[in-house]
Amino acid sequence: MRDPPSDEPPIYRSFPDLVATLEPILLRNGTSDEVARVLATNCASAERDGSQSHGLFRMPGYVKNLRSGFVDGRAVPHIRDAGTAYLHVDAGNGYARPALESAMPRAIGKARSAGACVLAIGNAHHNGPLWLDVEPFAEVGLVAIGVVNSVTYVVPHGGRKRLYGTNPMAFAVPRMDGQVLLFDQATAAMAHGEVAVAARENKLLPEGIGLDASGLPTRSPQAILEGGALLPFGGHKGSSIAMMIDILAGALTSSNFSHQVDWSAHPGAESAHTGETIILIDPTRGNGSLRMFTQRIEDLVAAMADAGQTRLPGERRLAARKLAAERGIAIAPAMWKQLMVL
Ligand code: NDP
């Protein structure tokens, strides 16, 4: 877990204090009360859990997207019952998280009654880390697989032009002790937000992350951001997963593919106007009880440790959350100043 890089010591804020700081910024820039509450809580949760690329770092982007009119901060999501195990949500060109929260109880109900549920959210903008979207489902005993397609930054394997977004996927599963085992990862060799953080900090990237504007490999985050492109992780394998996510999150939700997102009519905006799909599975259907299923998860976790895996995915996030509960959320002074300006 990293603390915000700075020569000055971080500023510490409690979770409620940070939410209370963010809400008025969003309200002043045209959101409804409900959208401000949901986004402020989501953004503060990301920061609390140690996301430097999808927490407070995104606040100036939220403001620009709202001010430019590219995202509707007052959108009211429309939920359509699309089948026994299918919910379609039109986010109304608003942020994805309020749409997700509005559909969550019905999606959980369907997953319990039908054994599974597809939650397809379209016409939406996703600006946060995906783990926060799948974790609540695992907390109530469901398995959740989530995907989002985003803004085009990634060349398909062997290609020269940007096509896919950094298209993240997340997976969450309940554990025996009430905890959640999860991973959340971009299908690009590095998340775009992480590249932007490296550019801000003037750091060189490792090899194999991206290409410059002429299609040559580069370690410069600036060269990748200014006309270059990111590579998919794992060559052709990551490229195919990015393709799958563009289909599941873009086509399935009647939304843009990553390469179709166009904010040119909204100066200042930069947001993935795309979709998000979450697949929920009730594990009791095949395992008799949640206890039997979670025992299987513990068996696997123990086998992973026995095989030499020293760190579980999600551990850094949980450690950051615990630390934030004890000492407050650490915020870089420069970031705090930026929030005060906003
Ligand atoms: P990372 O590569 O940092 O981490 C990916 C996953 O691997 C995490 O679950 C992480 O757990 C786990 N992990 C990391 N190191 C290890 C290790 N040594 N052993 C075991 N597990 C490990 O994430 P990315 O850079 O790929 O993505 C960053 C974020 O960007 C994600 O939250 C993603 O949702 C977000 N994103 C959002 C987009 C959007 O459109 N909204 C677009 C693209 C990305 P841990 O959390 O504990 O570190």
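Residues numbered from 1 in each chain as written. Predicted model: local features only at pLDDT ≥ 70, side-chain atom pairs only at ≥ 80, totals over all residues. Heavy atoms only, no water.

A. Main features of the packing of aromatic side chains. Summed over the entire model, instances satisfying the criterion amount to three aromatic pairs. Here the aromatic rings of Phe 70 and Trp 263 are separated by 6.5 Å at their centres, their planes lie at 80°, and the arrangement is edge-to-face. Taken as a pair, Phe 70 in the loop between helix H3 (59–67) and strand E2 (78–83) and Trp 263 in the loop between helix H8 (235–251) and strand E11 (273–281) lie far apart in primary sequence, 193 residues in all. Accessibility expressed as a relative area gives 6% for Phe 70, which makes it buried. In this arrangement the basic side chain of Arg 13 is found over the ring face of Trp 336, its NZ or CZ atom lying 4.5 Å from the centre. It is Arg 48 that lies over the ring of Phe 15; its NZ or CZ is 5.2 Å from the centre. (Phe/Tyr/Trp six-rings, centres within 6.5 Å; stacked < 30°, edge-to-face > 60°. Helix = DSSP H or I, 4+ residues; strand = E, 2+ residues; numbered from the N terminus. Buried < 20%, exposed > 50% of the residue type's maximum accessible area, 1.4 Å probe, protein only. Lys NZ or Arg CZ within 6 Å of the ring centre and 35° of its normal.)

B. Structural detail: the domain arrangement of the protein chain. For the protein chain, the domain assignment lists domain 1 (1–68 + 314–342) and domain 2 (77–188 + 232–309). If you average the C-alpha positions of domain 1 and of domain 2, the two centres end up 22 Å apart. In this assembly, 23 residues from domain 1 lie in contact with 19 residues from domain 2. The tally of links from domain 1 across to domain 2 stands at two salt bridges. For Arg 321, the salt bridge identified is with Glu 135, shortest N-O distance 3.0 Å. Applying the counting rule to domain 1 against domain 2 returns six residue pairs in polar contact (both at pLDDT 80 or more). When contributions to the side of domain 1 that touches domain 2 are tallied by element, the ones reaching two or more residues are helix H2 (33–48), H3 and helix H11 (315–327). For the side of domain 1 that touches domain 2, the leading source of residues is H2, giving eight residues. (Domains from an automatic or database assignment. Contact = heavy atoms within 4.5 Å. Salt bridge = Lys/Arg side-chain N within 4 Å of Asp/Glu carboxyl O. Polar contact = N/O pair within 3.5 Å; in protein donor to acceptor, adjacent residues only side chain to side chain.)

C. Focus on the environment of Arg 67. Mapped onto the elements, Arg 67 comes out in helix H3. Residue classification places Arg 67 among the exposed positions, given a relative accessible area of 60%.

D. Region of the structure containing the site of the ligand. Residues in contact with the ligand amount to 23 residues; listed here are only the nearest, Asp 184, Ala 186, Arg 311, Gly 314 and Arg 316. Between the ligand and Asp 184, the relevant distance is 2.5 Å, taken from an oxygen atom to a side-chain nitrogen or oxygen of the residue. For the ligand, an oxygen atom lies 2.8 Å from a polar atom in the backbone of Ala 186. Coverage of the ligand by the protein chains reaches 76% of its 920 Å² of free accessible surface. Only strand E7 (180–185) and H11 provide two or more residues apiece to the shell around the ligand. Of the residues assigned to the shell around the ligand, the class counts are nine nonpolar, eight polar and six charged. (Near = heavy atom within 4 Å. Areas by Shrake-Rupley, 256 points an atom, 1.4 Å probe, with all protein chains shown as cover. Nonpolar A, V, L, I, M, F, W, Y, C, P; charged D, E, K, R; others polar.)

E. The arrangement of the nonpolar core in detail. By size, the foremost hydrophobic cluster in this structure holds 31 residues, and its most contacted members are Leu 100, Leu 119, Ile 121, Phe 137, Ile 278 and Leu 280. Elements supplying a minimum of two residues to this core: strand E3 (86–95), helix H4 (96–114), strand E4 (116–125), helix H5 (131–139), strand E5 (143–148), strand E6 (169–174), E7 and E11. Among the elements that take part in this core, H4 stands out by supplying eight residues, more than any other. Sequence-distant contacts of Leu 280, defined by excluding residues within four places in its chain, comprise Ala 107, Ile 108, Ala 111, Gly 115, Ala 116, Cys 117, Phe 137, Leu 142, Val 143 and Ala 144. In terms of nonpolar packing, the next biggest core, distinct from the first, is built from 29 residues, Ile 25, Leu 26, Leu 39 and Cys 43 among them. (Core = buried A, V, L, I, M, F, W, Y, C linked by side-chain atoms within 4.5 Å.)

F. Quick peek at the packing of H5 against H11. It is at 13 Å that the axes of H5 and H11 come closest, and there the two elements cross at 85°. Judged by the inter-axis angle, H5 sits roughly perpendicular to H11. Between H5 and H11, the residues in contact are Trp 131, Leu 132 and Glu 135 and Arg 316, Arg 317 and Arg 321, respectively. (Axes fitted to C-alpha atoms, helices over the stretch in contact; angles between N-to-C directions. Parallel < 35°, antiparallel > 145°, perpendicular 65-115°, else oblique.)

G. Spatial organisation of the sheet that holds E3. Strand order in this open sheet of seven strands is E2-E3-E4-E11-E5-E6-E7, and the pairing throughout is mixed. A single partner strand is all that each edge strand has here, and the edge strands are E2 and E7. The average undirected angle you get between the axes of adjacent strands in this sheet is 15°. Two strands pair when backbone bridges link them, and E5 and E11 are joined in this way by six bridges, in the antiparallel orientation. Looking at E11, one finds that Val 143 is bridged to Ile 281. Set on the sheet, H5 makes contact with E4, E5, E6, E7 and E11; between it and E6 the angle comes to about 20°. (Pairing = 2+ DSSP bridges.)

H. Region of interest: the environment of Ala 325. Position of Ala 325 among the secondary structure elements: in helix H11. Overall, Ala 325 belongs to the exposed group, its relative accessible area being 69%.

I. Region of the structure containing the environment of Trp 263. Judged by relative accessible area, Trp 263 falls into the partly exposed class, the value being 22%. When the C-alpha positions of Trp 263 and Phe 171 are compared, they lie 30 Å apart, and in sequence the two are 92 residues distant. Once residues lying within four places of it in the same chain are set aside, the contact partners of Trp 263 are Phe 70, Val 151, Ala 269, Glu 270 and Ser 271. A polar atom in the side chain of Trp 263 sits 3.3 Å from the backbone oxygen of Ala 269.

J. Seen up close, the pairing of E4. Among the 10 residues in E4, eight count as buried, and that is most of the element. Sheet topology note: the E3/E4 ladder contains seven bridges and is parallel. Within the sheet, the bridge partner assigned to Asp 90 lies in E4 and is Gly 122. Of the crossover connections in this fold, the one passing from E3 over H4 to the parallel E4 is right-handed. Sheet analysis places E4 next to E11, joined by eight bridges and oriented antiparallel. Of the residues in E11, the one forming a bridge with Cys 117 is Leu 280. (Right-handed = clockwise from strand over helix to strand, strands pointing away.)

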